[in-house]
Amino acid sequence: MPDVTLTTLRALKQKGEKITMLTCYDATFADACSKAGVEVLLIGDSLGMVLQGHDSTLPVSMADTLYHTASVKRGNAGALIIADLPFMANATLEQTLHNSGLLMQAGAHMVKVEGAAWLAESITKLAERGVPVCAHMGLTPQAVNILGGYKVQGREHNQARQMVADAIALEQAGAAMLLLECVPSDLAGEISRTVKVPVIGIGAGPQTDGQVLVLHDMLGLSLSGRVPKFVKNFMSGQPSIQDALAAYVKEVKAVSFPAAEHGFSA
Ligand SMILES: Nc1nc(=O)c2c([nH]1)NC[C@@H]1CN(c3ccc(C(=O)N[C@@H](CCC(=O)O)C(=O)O)cc3)CN21
Ligand SMILES: CC(C)C(=O)C(=O)O
Ligand SMILES: [Mg+2]
């Protein structure tokens, strides 16, 4: 068992203390992040973009994700580890159960799936079998070809009401955590106050129960040169990576990151 468990995260939400999460793909950064006090490490399928140089997350395989999950597990000092189910690894219920089992056996303590209310059945089945699930809503990058780009989701009234209803449905289905990506700040706040499970945000403003960023982004590294507005470079003014990671934890806990300028309006 890690030091940080689901019980820890639920207690942090109840206390109103923000949860800190970063993506992480290898043992050395897992050691550094967990020792800096980052509570949750995510083996994100963003690895396809920041490690592999693809222009989307779609090429990432189960084998890639298992390799990085096993690496993070070896370096981790007590954080909760979440692994993304890659594109199409949850195409059927049978595949979802099989691939989630492999991620848990490689070292994940929770799996993350992108979608909306349609995820309910697989979330229930996974929870029944001992796999906690984080449901990733809002901008779901695996659906970039449906969405037509990496755009803010939930700005339209009906879409916003649907997102609240989907969040409630997924909590009822047994989701252990929700993640909101690129959602207007007030909508993200409403969802966070509506469900009891922790809600983590990226580009979702300061009202969620916790924050996540892609590790490379917060260390000021960018392949494309274009940085989303929700990113902050925590290396600036810091003498070391370890100090930048500590600064991220400190600013998220103090609710000084994200500031209003890092979020989106409706
Ligand atoms: N390095 C990296 N960081 C990420 O945060 C990230 C990835 N890769 N890969 C997967 C997805 C893709 N993400 C992205 C990428 C670009 C924007 C972006 O440019 N958004 C615009 C908003 C556009 C609008 O207003 O609708 C922005 O200005 O930030 C957002 C999320 C987030 N995820
Ligand atoms: C950006 C986060 C939430 C993610 O899903 C990833 O890194 O793949
Ligand atoms: Mg992802």
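Structure: above.
Residues numbered from 1 in each chain as written. Chains lettered and ligands numbered in written order. Predicted model: local features only at pLDDT ≥ 70, side-chain atom pairs only at ≥ 80, totals over all residues. Heavy atoms only, no water.

S.K.: Please explain the site of ligand 1 as it appears in this structure.
M.R.: As a matter of local geometry, ligand 1 sits amid 18 residues, with Met49, Val152, Glu181, Asp217 and Lys229 nearest to it. A distance of 3.5 Å is found between a nitrogen atom of ligand 1 and a backbone nitrogen or oxygen belonging to Tyr150. In isolation ligand 1 has 670 Å² of accessible area, and contact with the protein removes 75% of it. Residue classes in the shell around ligand 1 are distributed as 12 nonpolar, one polar and five charged. (Near = heavy atom within 4 Å. Polar contact = N/O pair within 3.5 Å; in protein donor to acceptor, adjacent residues only side chain to side chain. Areas by Shrake-Rupley, 256 points an atom, 1.4 Å probe, with all protein chains shown as cover. Nonpolar A, V, L, I, M, F, W, Y, C, P; charged D, E, K, R; others polar.)

S.K.: Would you take a moment to explain helix H5 (residues 93-106) for this structure?
M.R.: For the α-helix, the turn length of 3.6 residues means that residues three or four positions removed from each other point alike. Under the 1.5 Å per step criterion, the end-to-end length of H5 is 20 Å for 14 residues, consistent within 8% with the ideal 20 Å. Those residues of H5 that fall on the buried side of the exposure criterion are Thr96, Asn99, Ser100, Leu103 and Ala106. For H5, the buried positions fall inside an angular range of 120 degrees around the axis, keeping them on one side. Set apart from the buried face of H5 by more than 90 degrees, the exposed residues are Glu94, His98 and Gln105. Those residues of H5 hidden inside the fold are in contact with helix H4 (62-75), strand E3 (80-84), strand E4 (110-114) and helix H6 (120-128). Immediately downstream of H5, the backbone of Gly107 shows phi near 135 degrees, a positive value. (Helix = DSSP H or I, 4+ residues; strand = E, 2+ residues; numbered from the N terminus. Expected span 1.5 Å × (residues − 1). Buried < 20%, exposed > 50% of the residue type's maximum accessible area, 1.4 Å probe, protein only. Arc of directions from axis to C-beta. Contact = heavy atoms within 4.5 Å.)

S.K.: Explain the site of ligand 2 to me, please; I cannot follow it from the model alone.
M.R.: All residues in the neighbourhood of ligand 2 are listed as Thr23, Leu42, Gly44, Asp45, Ser46, Asp84, Lys112, His136, Leu179, Ile202 and Val214. Here an oxygen atom of ligand 2 and a side-chain polar atom of Asp45 are 2.8 Å apart. Between ligand 2 and the protein, one listed contact pairs an oxygen atom with a side-chain N or O atom of Lys112 at 2.7 Å. A total of 260 Å² of accessible area belongs to ligand 2 in isolation, and the protein chains cover 95% of it. Structurally, ligand 2 is housed in the largest pocket. Looking at the shell around ligand 2, its residues break down into four nonpolar, four polar and three charged. (1 Å grid on protein atoms, 1.4 Å probe; cavity = no way out; pocket = protein on both sides within 12 Å on 5 of 7 lines; lining within 4 Å. Sits in = over half its atoms within 2 Å of the grid points.)

S.K.: Even after reading the chapter, I still don't get the layout of surface pockets, so can you show me in this structure?
M.R.: Summary: where empty space remains is shown by rolling a probe the size of a single water molecule over the atoms. Size it by volume and the largest pocket reaches roughly 940 Å³. For the largest pocket, the lining is made up of 35 residues, of which Met49, Tyr150, Val214, Asp217 and Pro228 are closest to its centre. Counting residues per element, the ones that place at least two in the lining of the largest pocket are helix H3 (47-50), E4, strand E6 (177-181) and helix H10 (215-218). Looking at side-chain class alone, the lining of the largest pocket contains 18 nonpolar, nine polar and eight charged residues. In this structure, the second largest pocket spans a volume of roughly 260 Å³. Lining the second largest pocket are 14 residues, with Phe87, Glu114, Trp118, Gln142 and Ala143 sitting closest to its centre. A breakdown of the residues in the lining of the second largest pocket according to their chemical character gives nine nonpolar, four polar and one charged. (Points joined across faces, edges and corners; volume = space filled by probe spheres on them.)

S.K.: I would appreciate a short explanation of the side chain of Ser100 in the present structure.
M.R.: Following the sequence through the fold, Ser100 ends up in helix H5. Among the polar contacts listed, one links the side chain of Ser100 to the backbone oxygen of Thr96, at a separation of 2.7 Å. Dropping the residues within four chain positions of it, Ser100 is found in contact with Leu85, Val111, Leu126 and Val131.

S.K.: Got a minute to help me understand the coordination of the magnesium ion (ligand 3) in this structure?
M.R.: By definition of the ideal shapes, a tetrahedral metal site with four donors has angles of 109.5 degrees and an octahedral site with six donors has angles of 90 or 180 degrees. Bound to the magnesium ion (ligand 3) are the protein donor atoms Asp45 (OD) and Asp84 (OD), situated 2.2 Å from the metal. In this pair, Asp45 sits in the loop between strand E2 (40-43) and H3 while Asp84 sits in strand E3, placing the two residues 39 residues apart along the sequence. By relative accessible area, which is 2% here, Asp84 ends up buried. (Donors = N, O, S within 2.8 Å, 3.2 Å for Na, K, Ca; no water.)

S.K.: What's the story with the state of the cysteines in this structure? I'm lost.
M.R.: Simply put, disulfide is the name for a covalent bond between the sulfur atoms of two cysteines. One pass over the structure, following the stated rule, counts zero disulfides. There is no disulfide at Cys134, and the cysteine sulfur nearest it, in Cys182, is 15 Å away. With a relative accessible area of 0%, Cys134 lands in the buried category. Since its relative accessible area comes to 5%, Cys182 is described here as buried. (Disulfide = S-S within 2.5 Å.)

S.K.: Just to check I follow, could you spell out the pattern of salt bridges for this structure?
M.R.: It is possible for side chains bearing opposite charge to pair when their charged atoms get close. Following the criterion strictly, the structure yields nine salt bridges and no others. Here Glu17 and Lys15 are joined by a salt bridge, their closest N and O atoms 3.6 Å apart. By relative accessible area, which is 29% here, Glu17 ends up partly exposed. (Salt bridge = Lys/Arg side-chain N within 4 Å of Asp/Glu carboxyl O.)

S.K.: Can you walk me through the environment of Leu51 in this structure?
M.R.: Looking at the secondary structure, you find Leu51 in the loop between H3 and H4. The contact partners of Leu51, leaving out residues within four places of it in the chain, are Tyr25, His68 and His216.

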